[in-house]
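Here is how the chains run, residue by residue.
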Amino acid sequence: MASWQLVALVAALSVCLGEGLQCYKCDGVCTSLIRQNVTCTEGQLCGIEKHQEHHTGNIISITKELCLNKSLCNTAENRTTGLSSAPIRYTVNYSCCSTDLCNSGSMATFTMLTGIFALVAMWLNI
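My aim in this report is to walk through the structure given alongside it, one point at a time. Because the structure is a prediction, the values reported are computed rather than measured.

**A closer look at the state of the cysteines**
And step 1. Here the structure, examined in full by the defined rule, presents four disulfides.
And step 2. Residue pairing for C40: its cysteine sulfur links by disulfide to C67, the two sulfurs lying 2.0 Å apart. Between C40 and C67 the disulfide shows an S-S torsion of about -90°. By sign, it is left-handed. A residue pair is termed long-range when its members are at least 10 positions apart, and C40 in the loop between β2 (36-39) and β3 (44-53) and C67 in strand β4 (residues 60-69) qualify at 27 residues.
And step 3. On the accessibility criterion, C40 (7% relative accessible area) is buried.
And step 4. Here C73 is linked by a disulfide to C96, with a sulfur-sulfur distance of 2.0 Å. Handedness of the C73-C96 disulfide follows from its S-S torsion of about -90°: it is left-handed. Taken as a pair, C73 in the loop between β4 and β5 (75-83) and C96 in strand β6 (residues 86-97) lie far apart in primary sequence, 23 residues in all.

So, how was this worked out
Residues numbered from 1 in each chain as written. Predicted model: local features only at pLDDT ≥ 70, side-chain atom pairs only at ≥ 80, totals over all residues. Heavy atoms only, no water. Disulfide = S-S within 2.5 Å. Helix = DSSP H or I, 4+ residues; strand = E, 2+ residues; numbered from the N terminus. Buried < 20%, exposed > 50% of the residue type's maximum accessible area, 1.4 Å probe, protein only.

This is the structure we're talking about:
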């Protein structure tokens, strides 16, 4: 094999096998001071995990930025925690994106704003 072909092969492999997707990682209140950059493993995408608890009529929301397994993307699940006599029920929504550092909390805000606009439009019969 010619030396230029070997160099081209090594360069191509470096691009294909380069570092994984870079994502933000943060639990709870995420700011640029607390947020970390992490590298996802194969089979993962950048994601946002949003916990919404509906206890006693109040909605408490916790957002996590992290690497998520692709199988969780765009899914939701209902969970229960706490004492059996006073269970706390909450929903976990998973959303993903596939470019470096794309999972800032603004992704969840955009989804929420889109939902609010859709509700207002339905209310106004637009």
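Anyway, onward from the coordinates.
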